[in-house]
Amino acid sequence: MSTNYDAIIVGAGHNGLVSAAMLAKGGYRVLVLEQRDVLGGAAASEETIPGYCFNTGADDAALFVDEIAEELFLKMHSLEFRESQAAVFAPQPDGSAITLWQDEARTAHELESLNKEDAARYPAFARQVNQIGRVLQEMLLRTPPDVTERKVGELLSWAKVGLQVRRLGNKGMMEFVRLLPMAIHEYLEEWFQSEPLKGVLAAPAITGTRQGPRSAGTTLMMLYQSSNGFNRTRFVVGGIGRLSQALAAAARSNGAEIRTSSPVARILLQDGQATSVRLVDGEELGARAIISSADPRRTFFDLVGPTNLEPRFMRSVRNIIFRGSTAKVNLALSRLPTFNGQQSVEQLSGHIRISPSLEYLERAYDDAKYGRISRQPFLDVVIPTLTDAALAPHGHHVMSIRMQYAPYGLRERDWDAQREPLGDLVVDTLSQYAPDLKQFIVHRQVLTPLDWEREYGLTEGSIFHGQMGLDQLLVMRPVAGWSQYRTPLRNLFLCGAGTHPGGGVTGAPGYNAAREVGRALNGA
Amino acid sequence: MAQKYDAIIIGGGHNGLIAAGYLARAGKRVLVLERRYLVGGASVTEEIYPGFKYTVFSYVVSLLRPEIVRDLQLAKHGLTVLPLESTLTPMLDGNYLYRDGDHFCTMRNIARFSQRDADAYDDYSRSMYFMAKAVKYMLGIIPPDPTTYNPRDLLGLVDMARHFLDLDEEKLFMLAKLMTMSAADFLDQWFESEPLKGTLSASGIIGTYLGPRSPGTAYVLLHHYMGEIDGAFRAWGFAKGGTGGIANAIARSAQSFGAEIRCNAPVSQVIVKNGRATGVALENGDEFYADVVASSLDPKLTFLELVDPAQLPSDLVDSIRRFNIRGSSGKVNLALDALPDIACLPGRLPRAGRHLAGAISISPSIDYLERAYDDAKYGAFSQRPFVDMIIPSVIDPDMAPPGKHVMSCFVQYAPYELREDTWDAKREAFGDAVIDTLAQYIPNLKEIILHRQVLTPLDIERTIGISQGNIFHGELSLSQLFFLRPAAGYAKYRTPIHNYYQCGSGTHPGGGIMGASGKLAALEILKDF
């Protein structure tokens, strides 16, 4: 067995690649092992049908931390972001539509026809979201403090966050504390009257979770999704997979080795230390540090094995709430459909959200609570070909539809039987808002939570590697007491979205983990 | 010219009376003004139907702080708490879950559903006990203001941080989970059987407008455990004479220290001169003067009705306007000709019917409670509500004529705002839904009802004045607790108006017949004298 590596990273999702690139840049010998033949995990672009390139997982790269892109010179590795002026287009059941633009003044102007008071309050709302978003952003690249040890050095690092909070002023500070545990429903009710506006603004708050707009803590999720700017919409030219490829290129340029189609079967231990990994084909590879970008349940139960860890620790891992609730439908289209209330193609270039009211979302959630697919689901649609026409044959389009709620644990029937009915439901729902959609569909791909689990290795299909609720954030992520990317096993680390700050294409978990691994490798 | 007092307390609910008791005990001349003909607010006993005493609103006690019982010598003034020893959770399939003070009996009962749960129950009970004990610290402190650099506040924060960081790691994290999780998720970590999870999670939704799957309800669950730390486990009790017995004991205590209590004296306004409260005006025009005025009413009434909001800073007025005080519960009180027969556990007193002397909880599963909440979310009362009931006359025979009984049913959800129709039009339909639900578990119920009193949130608001009928004077959500209760910067019982104080459940720690708000407020007032 060779132990030529300083670090082996299990999984080439974007976080695994960020870790790899950062460690390689730090001079460590790094090997990345990816089970699929495509890089990027849930941030991948794949030519599922010849000629059409789909973002199979995430679409939007707005949250990706700019410092990471700069530190790794991702631009040099041909990463090109493209922002869309239109943030959200929200067609309504009555045939009208509202558009939120990145430009707040433009949005406020547009909202005037909907509700004058709401339009007048919108800029102040955007200001508050941005202010708090900046504080949250300050937390992204920090290792959560160890609350039981009280190390001065750690607290100093967080003092900067405290300073940001202080900068909000006395009132702003208390408002910050008050808002975080609130339900998005309550928060938006405090600001606005118009149902369509509240509906569309609430959508980011429930993304990736099995919670409804009345669930406490969803305001924090909305703010998290806005941490790089309220309504910021940013895509990657060539599809989000290009971001992963740029990360891989950055890693390789610093000497990292990346192997695809190399599924890891087991993380091997010796005297309670992680020493190597065994691939499915039997090959064993050793390193000074093993870093798993897989989610914590998969890492500890499947890769390490529960018998190698204390029962108490394993109980906390078992108790992590995953609850995948998201499905995805990718469509290849021969033409661009026309949406009700749409005036220009530009309006469609950001997100298109079917989320007409808070009650619509809440009722969609009600179904999921009892283990059913939402009869009237929330949809978040992106048409990547409007950013980059090269993703489909000339004149054709690809459409990426994220759907909620599709609960992993269905009470009746199973996901294999529900896959195509789910595809029909999504297309039918969207057709109510884009009547000509069906006639342009050339091909359809449906990904259920079960597919996420099977093909992408996401436990219960949870796109965030564990629900991002108040009880599973910061020092509680992935489990209480182990929020610093380390694990009870020496030399085994975590770097995936199951660690702080969590899901979304931020790169932050991978970045923070690399820093901690670097420290450990240096004997700190 | 009316006579002058040291302090006037607006509202003769238990918090108002406790504040009065503490002030009088310190030698102050205190006047309590109560709008109704009797003191007690939500803790009153009234003979609504001849011979039958209803414990009209609140009906059980456990949270009342023991130091208050001691300081105000409530036992001497007639407070007797009779134990409520069991909880029965009947199920429609004829099965039931029975838990009581006999530990092994409870374990056997739980084991009928799941041996694993029976094993975990011990551990769970112990954990909740420790958690409640850790949080109990908070009940005794004035919330420090984290935004100021005032040394007293900073010391308070440091002391608080030290208190919690001194907990061992496991407890600290469990506390963090309790503060943020839903009751359902929290209980899922311990148990698997539905009736046990259902009936335990019910404590997490009482008084809130949230379902058991809503994050934040685990805290309410803990809040309801806090009374148990000072007595025996599950030390819920029933005050002899109903909850009115508690109010009367506190009132007698306050009077023994020299406080004056006037009923039928509705206050219309606090008299404010040059930014100072100087007294109050009654609806009939009478005026009373005092150095200090304290309102035990809810924050909306305290800041938006009793004083002119224009005299208050706009940030406070905004906060109070959006203060979440949605009423979600109702009450059905019944006079019964005979004892009810529970289908799943037939049998009568004295031996076989021991369960009738405890609480009976219609909470067969988390889904059941969640569905009840779903109705309320969309502005309708629950078709199949959560009901928590007791039969006071079994515990205290004085509550009803011999052989007859009273039954007290707490019902959730009854949202204050109905989407269709008004509560006046829906009151009886709501009562019917409750009785129909109960009749599924108690087949003889309809035949034995002599009289029923249905109280909607609107009735609670009209009768005892609490805005929207919210029994906690405001939702016990994280955004409205501690230094945020009732509003940031105003959590220390004072108000921007000099000499005007707040002492009701809408202040820290709030909720239930706990009395901590009244006591802490009185101690703050005394500091300023």
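Thresholds, definitions, all that
- Residues numbered from 1 in each chain as written.
- Chains lettered and ligands numbered in written order.
- Predicted model: local features only at pLDDT ≥ 70, side-chain atom pairs only at ≥ 80, totals over all residues.
- Heavy atoms only, no water.
- Helix = DSSP H or I, 4+ residues; strand = E, 2+ residues; numbered from the N terminus.
- Rg over C-alpha atoms; globule rule 2.2 N^0.38 Å.
- Buried < 20%, exposed > 50% of the residue type's maximum accessible area, 1.4 Å probe, protein only.
- Contact = heavy atoms within 4.5 Å.
- Areas by Shrake-Rupley, 256 points an atom, 1.4 Å probe, with all protein chains shown as cover.
- Buried area = accessible area lost by both parts, 1.4 Å probe.
- Salt bridge = Lys/Arg side-chain N within 4 Å of Asp/Glu carboxyl O.
- Polar contact = N/O pair within 3.5 Å; in protein donor to acceptor, adjacent residues only side chain to side chain.
- 1 Å grid on protein atoms, 1.4 Å probe; cavity = no way out; pocket = protein on both sides within 12 Å on 5 of 7 lines; lining within 4 Å.
- Points joined across faces, edges and corners; volume = space filled by probe spheres on them.
- Phe/Tyr/Trp six-rings, centres within 6.5 Å; stacked < 30°, edge-to-face > 60°.
- Lys NZ or Arg CZ within 6 Å of the ring centre and 35° of its normal.
- Pairing = 2+ DSSP bridges.
- Axes fitted to C-alpha atoms, helices over the stretch in contact; angles between N-to-C directions.
- Core = buried A, V, L, I, M, F, W, Y, C linked by side-chain atoms within 4.5 Å.
- Expected span 1.5 Å × (residues − 1).

## Let's talk about the overall build of chain A
Link 1 in the chain: Counting its secondary structure elements, chain A contains 16 helices and 18 strands.
Link 2 in the chain: For 524 residues, the compact-globule formula gives about 24 Å, and the C-alpha radius of gyration of chain A, at 22 Å, lands near that figure.
Link 3 in the chain: Reported as C-alpha extents along the three principal axes, the dimensions of chain A are approximately 65 × 55 × 50 Å.
Link 4 in the chain: The burial tally for chain A puts 65% of its 524 residues in the buried class.
Link 5 in the chain: Considering only contacts within chain A whose residues lie at least 6 apart along the sequence, 73% involve residues at least 24 apart.
Link 6 in the chain: As displayed, chain A has an accessible area near 18600 Å², and 48% of this comes from carbon and sulfur atoms.

## Quick notes on the interface of chain B and chain A
Link 1 in the chain: Counting from both sides, the interface comprises 38 residues of chain B and, opposite them, 38 residues of chain A.
Link 2 in the chain: Buried surface at the junction of chain B and chain A, summed over both partners, amounts to about 3600 Å²; 52% is from carbon and sulfur atoms.
Link 3 in the chain: For the interface between chain B and chain A, the tally reads ten salt bridges.
Link 4 in the chain: Between arginine 322 of chain B and glutamate 175 of chain A there is a salt bridge, with the nearest N and O atoms lying 3.2 Å from each other.
Link 5 in the chain: Run the count over chain B and chain A and you get 19 residue pairs in polar contact (both at pLDDT 80 or more).

## Looking at empty space enclosed by the protein
Link 1 in the chain: In the structure shown here, the tally under the stated rule is six cavities of 30 Å³ or more.
Link 2 in the chain: As a volume, the largest cavity reaches approximately 220 Å³.

## Concerning the packing of aromatic side chains
Link 1 in the chain: Tallied over the full model, the rule gives 29 aromatic pairs over all chains.
Link 2 in the chain: On the numbers, 6.5 Å between centres and 50 degrees between planes, the contact of tyrosine 124 of chain B with phenylalanine 186 of chain B is tilted. Separated by 62 residues along the polypeptide, tyrosine 124 of chain B in helix α4 (residues 115–139) and phenylalanine 186 of chain B in helix α7 (residues 183–188) bring together distant segments of the chain. Here the two residues tyrosine 124 of chain B and phenylalanine 186 of chain B agree in accessibility, since each one is buried.
Link 3 in the chain: Aromatic ring contacts, followed pair by pair, group Tyr122, Phe125, Tyr187, Trp191, Phe192 and Phe230 of chain A into a single cluster.
Link 4 in the chain: The ring of tyrosine 370 of chain A carries arginine 371 of chain B above its face, with NZ or CZ at 3.8 Å from the centroid.

## Thoughts on helix α7 (residues 184–191) of chain A
Link 1 in the chain: With respect to burial, α7 of chain A is a largely interior element, seven of its eight residues being buried.
Link 2 in the chain: At its buried positions, α7 of chain A is contacted by α4 (116–140), α6 (169–179), α8 (195–206), α9 (218–225) and α13 (358–369) of chain A together with α12 (314–322) of chain B.

## Notes on the pattern of salt bridges
It is possible for side chains bearing opposite charge to pair when their charged atoms get close.
Link 1 in the chain: Throughout the structure, instances matching the rule amount to 70 salt bridges over all chains.
Link 2 in the chain: Measuring nitrogen to oxygen at the nearest pair gives 3.3 Å for the salt bridge that ties arginine 312 of chain A to glutamate 170 of chain B. Of this pair, arginine 312 of chain A sits in helix α12 (residues 311–318) while glutamate 170 of chain B sits in helix α6 (residues 169–180), placing the two residues on different chains.
Link 3 in the chain: Classification of arginine 312 of chain A as partly exposed rests on a relative accessible area of 44%.
Link 4 in the chain: One network of salt bridges, in which partners are shared, links Glu362, Asp366 and Lys369 of chain A together with Glu370, Asp374 and Lys377 of chain B.

## A word on the side chain of asparagine 15 of chain B
Link 1 in the chain: Tracing the backbone shows asparagine 15 of chain B in helix α1 (residues 14–25).
Link 2 in the chain: Discounting chain neighbours no more than four positions away, the residues touching asparagine 15 of chain B are Cys503, Gly504, Ser505, Gly515, Ala516, Ser517 and Gly518 of chain B.

## Section: the sheet that holds strand β6 (residues 86–90) of chain B
All names here are of chain B.
Link 1 in the chain: What the seven strands build is an open sheet, ordered β7-β6-β14-β15-β16-β13-β17; its pairing is mixed. Each edge of the open sheet is held by one strand with a lone partner, namely β7 (96–100) and β17 (449–455). For this sheet, the mean angle separating the axes of adjacent strands, direction not counted, is 15 degrees.
Link 2 in the chain: As judged from the eight bridges shared by strand β13 (residues 329–336) and strand β16 (residues 405–412), these two strands associate in the antiparallel manner.

## A look at the nonpolar core
Link 1 in the chain: Counting 101 residues, the largest nonpolar core has Leu74 and Phe125 of chain A as its most contacted members.
Link 2 in the chain: A total of ten residues in this core trace back to one element, the largest contributor, which is α4 of chain A.
Link 3 in the chain: Once residues within four sequence positions are removed from consideration, leucine 74 of chain A is found in contact with Phe64, Ala69, Leu79, Leu243, Ala246, Leu247 and Ala250 of chain A.
Link 4 in the chain: In this structure, Ile362, Ala400, Met407 and Leu418 of chain B belong to the second largest nonpolar core, which totals 71 residues.

## Digging into helix α15 (residues 423–441) of chain B
Link 1 in the chain: For α15 of chain B, which comprises 19 residues, the first-to-last C-alpha distance of 26 Å matches the rise-based estimate of 27 Å (1.5 Å per residue) to within 8%.
Link 2 in the chain: Within the span of α15 of chain B, buried status applies to Trp423, Arg427, Phe430, Gly431, Ala433, Val434, Ile435, Thr437, Leu438, Ala439 and Tyr441 of chain B.

## Some points on the pairing of strand β11 (residues 276–282) of chain B
Residues and elements named next belong to chain B.
Link 1 in the chain: Along β11, five of the seven residues are buried, which leaves the element largely enclosed by surrounding structure.
Link 2 in the chain: By the bridge criterion, six bridges tie strand β10 (residues 267–273) to β11 in an arrangement that is antiparallel. In the sheet register, valine 270 faces β11, and the bridge partner there is valine 280.
Link 3 in the chain: The antiparallel pairing of β10 with β11 creates a hairpin that spans two residues between the two strands, and asparagine 274 there sits at a positive phi of about 50 degrees.
Link 4 in the chain: For β11 and strand β12 (residues 287–295), the ladder comprises three bridges, and the chain directions are antiparallel.

Read these as spatial facts, not as claims about activity.
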